Amino acid sequence: MVSYSCWLRMLKVAVGLFLAALLAFILGTYTSSGRQSHLQRHYSENDQRPMPGAELSNIFWAVQVTDLHISKFLDPSRISDMETFCTDTLPVISPSLVLVTGDLTDAKTKDKLGSDQYEIEWQNYRSILKKSQIMEKTKWIDIRGNHDSFNIPHLNSIKNYYRKYSAWQKEGSFHYIHHTQFGNYSFICVDATLTPGPKRPYNFFGIIDQKQMHQLSIMATESHNSNQTVWFGHYPTSTIVSSSPGVRAVMSSAVAYMCGHLHTLGGLAPALYSQHQEGTLELELGDWMANRRYRIFAFDHDLFSFVDLIFEQWPVVLITNPKSALYTNPAQEPLIRMLHSTHIRILAFSTTPIGSVRVSIDGVELGEASQASGPLYVLEWTPENYKTGVHEIKVKVQDSAGRSQTRSHLFTLDNAVHLSFSLFPSLILLTDHYILVQVLFVLIVICQIIFLLVFRYKKRPVLKGAPGVFTLTTFSMHVLCKTNTFYYATLILTLYTAVGPWFFGEIIDGHMGACFAFGVVVGGHYLQGSLTYMVGITQIAFFNLPMTAYMCWCLLLRCKGHTFCSHLRHSRKIVCLPIHFFMFLLLGWQVYSCIFLLMTYGTLSVLLSPMKLWLSLATLVIARKVWKFNSPELKAYITELKNCQRS
C-alpha cells in the first residue's frame, strides 16, 4: 500500500509540473508575438516601390489623444490645457488627422460616485474646437468612450450630447480612408460602447455583438485595398466582450490597434503595449485627464512608427527609419525597405526652430542630420553595415531655446531577430478578462457548494484525544453544515450570489432594470456580464466566505460551552477581539456598498437589493442566532467536545 508521505510527494510533483506548464504557457502566450509570422504577403526582396530617402515623400503623420474627461466639477485645467494643445501644439505638429479615442467628457457627479450626462461639459468640449478652429486645420475624428455613454437609454435620446457637440457626430463603427498622393490608408473605428448605456460602473467593458462583428469583418475586407490599416477604439481588446471569431481575429490584417481607457493603471503602467498572435500591435495610450499624454504616429514608406509624449515637453522626436524592432509587424509592413533605404529619417518638432539633430548608432556618432523639408531630418547611412544583429540608434534634438530631447530604440535589419514585449503589459492587454473572471467566479461558486455538500452528508469522525487546529476546524464545519439554519442560510447565499438578482433599480434614469452576476437587464435589453463577475468575486471573497468562517468559529466556541459574554471574559482577547473587529469591518464594507448603490442608482435600488441591504440585515440576524440558538444536536456537540478535552 502506498504510504501517506508517498502520496504527498506525488502530489507535490504533480503540482510542480502543473505550475511549470502554466508558467510555460503564460510566457509562450504573452511574451511571444506574431512577428515570427511568415505572412509577409505584400512585400519581397524585389519590391520596386520607393525606398526611404532624403525627400519629404511617402510619409504622413497623425496624432492620437484619449480620455479627456472634461468635467463640470473637477480640474478646469483639463479644458484650458486642451485648448492650448489645439491652439499651439497641434499647429506646430500639423498632423494629417487627429484621433480622439473616447471619454471626451467625465459625466460623473461631484462626489465621483454617480454618473450623468452634463450638457455644460459637452459645450465646453465644443467650445475648445471652435475657439481653436482645429477642425479647419486638420481632420478631427472623435469617438465615444464609456463615460460618453453613461445613463443614455438609446442613441436618439436627448441626453446623447455626442450627436450634438462632437466633431464626428456619428455613433457606431466606421471605416475612414485617408487619401494621399502615394496611396490610401484605412482607419477603422471599433465602437464597443453599450447601447443602452447604463450608469457606472457596469459599462467598464465594451460589447460587440454578432451584427457589429459582421460589419467589422466587411470593413476589414474593404481595407485590403489600402496601403496600410490602423484600427482604433476606446476599449483595449482585453475589455471587449466580442462574438466569434473575436475582435482580435477580425483586425488581424491591421498593422496596429490604438486605444485608451486604462489611464496608465493609476501610474502602474505608463506604457501599455503588446502584440496579438496574428501580429497586430496593440497600443494603449495614457490619458489626457491626469497625465496630459498624447501620441504622434507616422507611416513612412508604409513603415509604422509612434511615440507617446507629454504635453508641452519640447522638442518632439520620432525616428521613422530605421523603425523600432519591438514594434515591427512582419505580416503587414515592408521591413525590407529599411535595408534598401539610403537615409536615416527623423521627424522633429518644436515651438522654436530646431538647432541640431545628432545621430549615433551603437554609441558611434554618425553626424548631424540635415533638414529635408518641414519637420523631416535625414542623414545618409549604409544599412549594410547593420545587416545582422540588434543595434541601438540614438537621436538628440536641440532647439534654439536650448531645450533638448533624446530618443533611442533598438532596430534590426535581420528578420531572424525578434524582440518580445514585457509580461505585465501583455497580461493586461491580451487576456480576455471577462472570460477569466467568469470562469473564476463559476469555479468559486461550485467549490463552495461542493464543500458544503461534502460536510453536510459526510459522516462526522469521532473526536479522540486532544484535538488539533485542523480537527477543530473540520469539526466546526460539520457543526455548521449539520445545523439546518446555518447550512441552508450559507447554501442559499452562495446560490443566490450566482443566479439571483443583486438589486433592482433605475440602471438608467427612468428605466428599471436588474443586476445579476451574469449581466444587466435594462429597458428590454440584456447586457452580457463582465465587471459583474468581478463584483461577484469581491462579494464572495470579502464577505460571503469570511462570514462563513466567522460562523464556524462562533459555533466552535458555542460547542466549548461559551456564550458571547463568557467567551469575551475567558478567551484570549488578543485573538478574539481582532476577529470580531475584522468582521465588523467587513460588515461596514457591506454597508458602504449600500451607500454606493444609493449614490449610483438611487434609493429604490437600495431598498430592492437582496445582496446588499437585505444581506446586511440578515447577517445581523444570523450573528445573533449563532449565539442564541439551542438544539439537542448542539448539546450533543458540547458534551462530545468537553469529553474529548477531558481525555
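Data block above holds the structure.
Residues numbered from 1 in each chain as written. Predicted model: local features only at pLDDT ≥ 70, side-chain atom pairs only at ≥ 80, totals over all residues. Heavy atoms only, no water.

Quick word on the overall build of the chain
A count of helices and strands for the chain gives 17 helices and 25 strands. Looking at the 647 residues of the chain, the share that counts as buried comes to 55%. Within the chain, counting contacts between residues at least 6 apart in sequence, those at least 24 apart form 73% of the total. As displayed, the chain offers around 28,300 Å² of accessible surface, 61% of which is attributable to carbon and sulfur atoms. (Helix = DSSP H or I, 4+ residues; strand = E, 2+ residues; numbered from the N terminus. Buried < 20%, exposed > 50% of the residue type's maximum accessible area, 1.4 Å probe, protein only. Contact = heavy atoms within 4.5 Å. Areas by Shrake-Rupley, 256 points an atom, 1.4 Å probe, with all protein chains shown as cover.)

Observations concerning unusual backbone geometry
Omega for the peptide link from threonine 195 to proline 196 comes to 0°, which places this bond in the cis form. Its place among the elements puts proline 196 in the loop between β5 (183-190) and β6 (206-208). In this model, tryptophan 314 is joined to proline 315 through a cis peptide bond whose omega is -10°. Relative to the elements of secondary structure, proline 315 occurs in the loop between β13 (303-310) and β14 (316-321). Here the phi dihedral of histidine 69 falls at roughly 55°; this positive angle occurs in a residue that is not glycine. Along the chain, histidine 69 turns up in the loop between β1 (59-65) and α2 (77-93). Accessibility expressed as a relative area gives 2% for histidine 69, which makes it buried.

Quick look at the packing of aromatic side chains
Within the structure shown, the criterion is met by 36 aromatic pairs. Here phenylalanine 187 and phenylalanine 297 contribute two aromatic rings whose centre-to-centre distance is 6.2 Å and whose plane-to-plane angle is 55°, an arrangement assigned as tilted. Placement of the pair is phenylalanine 187 in strand β5 and phenylalanine 297 in strand β12 (residues 293-300), with a sequence separation of 110 residues. The exposure class assigned to phenylalanine 187 is buried, which follows from its relative accessible area of 0%. (Phe/Tyr/Trp six-rings, centres within 6.5 Å; stacked < 30°, edge-to-face > 60°.)

Here we look at helix α16 (residues 610-628)
At serine 616, α16 shows its largest kink, close to 30°. Those residues of α16 that sit buried are Pro610, Met611, Lys612, Leu615, Ser616, Thr619, Ile622, Val626 and Trp627. (Bend = angle between axes of the 7 residues up to and from the residue.)

Considerations on the sheet that holds β14
In spatial order, the strands read β14-β15-β19-β18; together these four strands make up an open sheet with antiparallel pairing. In this open sheet, the two strands that pair with only one neighbour each are β14 and β18 (370-373). Mean inter-strand twist for the sheet, computed between neighbouring axes without regard to direction, equals 35°. Relative to strand β19 (residues 376-380), β18 runs antiparallel, the two sharing three bridges. (Pairing = 2+ DSSP bridges. Axes fitted to C-alpha atoms, helices over the stretch in contact; angles between N-to-C directions.)

A word on the packing of helix α9 (residues 433-457) against helix α12 (residues 531-559)
It is the contact of α9 with α12, at a shortest axis distance of 8 Å, that shows an interaxial angle of 35°. The handedness of the crossing between α9 and α12 is left-handed. For the pair formed by α9 and α12, the contact residues are His433, Val437, Gln438, Leu440, Phe441, Ile444, Val445 and Gln448 on the first element and Tyr533, Met534, Gly536, Ile537, Ile540 and Leu545 on the second. Here the contact of α9 with α12 is built from residues that sort into 10 nonpolar, four polar and no charged. (Left-handed = near helix turned anticlockwise from the far one by under 90°. Nonpolar A, V, L, I, M, F, W, Y, C, P; charged D, E, K, R; others polar.)

Remarks on the pairing of strand β10 (residues 272-275)
Within a regular strand, side chains alternate between the sheet's two faces. Both faces of β10 are covered, namely the face carrying Leu272 and Ser274 and the face carrying Tyr273 and Gln275. Connecting β10 to the antiparallel partner strand β11 (residues 281-284) that follows it, the hairpin turn spans five residues, and glycine 279 within it adopts a positive phi of roughly 115°.

Observations regarding the nonpolar core
The tendency in soluble globular proteins is for nonpolar side chains to be buried as a group. Counting residues in each nonpolar core, the largest one holds 64 residues, and the members touching the most others are Trp140, Phe187, Ile296 and Phe304. Ranked by the residues each element gives to this core, the list is headed by β1, at six residues. Apart from residues no more than four positions distant in its own chain, tryptophan 140 is found in contact with Met82, Cys86, Leu90, Val98, Val100, Tyr125, Leu129, Ile134, Met135, Ala167 and Trp168. One finds Phe441, Val445, Val522 and Leu527 within the second-largest nonpolar core, a separate group that totals 61 residues. (Core = buried A, V, L, I, M, F, W, Y, C linked by side-chain atoms within 4.5 Å.)

Remarks on a nonpolar patch on the surface
A cluster of nonpolar residues, Phe504, Met512, Leu604, Leu607, Leu608 and Trp614, forms a patch on the protein surface that exposes about 550 Å² of accessible area. Considering the arrangement of structural elements, one finds methionine 512 in strand β23 (residues 511-516). (Patch = residues over 30% accessible without salt bridge, like charges linked within 9 Å, V, L, I, M, F, W, Y side chains within 5 Å. Salt bridge = Lys/Arg side-chain N within 4 Å of Asp/Glu carboxyl O.)

Observations regarding the pattern of salt bridges
When the charged atoms of two side chains lie near each other, side chains of opposite charge can form a pair. Taken as a whole and assessed by the stated rule, the structure comprises 17 salt bridges. Note that aspartate 300 and arginine 345 form a salt bridge whose closest N and O atoms lie 2.7 Å from each other. With aspartate 300 in strand β12 and arginine 345 in strand β15 (residues 343-349), this residue pair connects regions lying 45 residues apart in the sequence. Of the two residues examined, aspartate 300 and arginine 345, each falls in the buried class. Between glutamate 333 and lysine 323 there is a salt bridge, with its nearest N and O atoms 2.8 Å apart. Of this pair, glutamate 333 sits in the loop between β14 and α7 (336-339) while lysine 323 sits in the loop between β14 and α7, and the two are 10 residues apart along the sequence. Taking the relative accessible area as the measure of exposure, glutamate 333 reaches 0% and is therefore buried. In this structure lysine 323 comes out as buried when scored by relative accessible area, which is 1%. What you see here is one network of salt bridges that share partners, running through Asp75, Arg78, Asp81 and Arg292.

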